[in-house]
Amino acid sequence: MSCDANSVPMAALLLITNCPDEAVANAIALAVVEEKLAACVNLLPRVQSVYRWQGAVESASEIPLFIKTTTDRYAALEKRLRELHPYAVPEIIAMPISHGLPAYLDWLAEETRP
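The structure reproduced in this document is the subject of the present report. Quantities reported herein were computed from a predicted structural model and do not represent experimental measurements. (Residues numbered from 1 in each chain as written. Predicted model: local features only at pLDDT ≥ 70, side-chain atom pairs only at ≥ 80, totals over all residues. Heavy atoms only, no water.)

**Some remarks on the pattern of salt bridges**
So, step 1. The final tally for this structure, using the stated rule, is five salt bridges.
So, step 2. In this structure, Arg 80 engages Glu 35 in a salt bridge whose closest nitrogen and oxygen atoms are separated by 2.9 Å. A residue pair is termed long-range when its members are at least 10 positions apart, and Arg 80 in helix α2 (residues 71-84) and Glu 35 in the loop between α1 (22-34) and β2 (40-43) qualify at 45 residues.
So, step 3. One salt bridge in this structure joins Arg 80 and Glu 83, with 3.1 Å as the shortest N-O distance. With a gap of three residues between them, Arg 80 and Glu 83 both fall in helix α2, about one helical turn apart. (Salt bridge = Lys/Arg side-chain N within 4 Å of Asp/Glu carboxyl O. Helix = DSSP H or I, 4+ residues; strand = E, 2+ residues; numbered from the N terminus.)

Below you can see the structure in the form of structure tokens.
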């Protein structure tokens with residue numbers, strides 16, 4: 001996954017999901033890093049989410065996770081998140097990382113290698 005300072009391959013991803021509480025967030029973060037599905041997970045401070053669910057507007061306090069992975073590990077990571085997540089339809093959004101410190105991106109690739 002080596003790259004120059006101006007661009008990186010589309011192999012690095014930032015995945016976002018929200019969890020209902022710290023216990024779930026910690027359990028998911030630990031599992032996906034231990035299983036090498038992610039190199040790193042950031043647990044962000046609690047946020048308030050407002051969304052429409054089954055025809056009604058809802059509001060919930062949630063813990064966002066920023067999960068760093070690769071496109072090669074995405075399918076397995078998504079599958080594992082669906083197994084671990086308590087929501088019927090968890091938010092799982094992946095965005096390509098277009099630029100980054102080459103040494104960090106190399107580390108990310110190495111830490112997610114099966």
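**Section: the nonpolar core**
A general tendency of soluble globular proteins is for nonpolar side chains to be buried together.
So, step 1. One finds Ile 28, Val 32, Val 41, Leu 65, Ile 67, Leu 77 and Leu 81 to be the most contacted residues of the largest nonpolar core, which totals 15 residues.
So, step 2. Examining the composition of this core, we find that five residues originate from one element, α1, more than from any other.
So, step 3. With near-sequence residues (within four places) excluded, Leu 65 lies in contact with Leu 15, Ile 16, Thr 17, Cys 19, Ala 25, Ile 28, Val 41, Asn 42 and Leu 43. (Core = buried A, V, L, I, M, F, W, Y, C linked by side-chain atoms within 4.5 Å. Buried < 20%, exposed > 50% of the residue type's maximum accessible area, 1.4 Å probe, protein only. Contact = heavy atoms within 4.5 Å.)

**A few points about unusual backbone geometry**
So, step 1. For Lys 36, which is not a glycine, the phi torsion comes out positive at approximately 60°.
So, step 2. Position of Lys 36 among the secondary structure elements: in the loop between α1 and β2.
So, step 3. Residues other than glycine seldom take positive phi values, yet Gln 54 does so here, at roughly 50°.
So, step 4. The topology assignment puts Gln 54 in the loop between β3 (47-53) and β4 (56-70).

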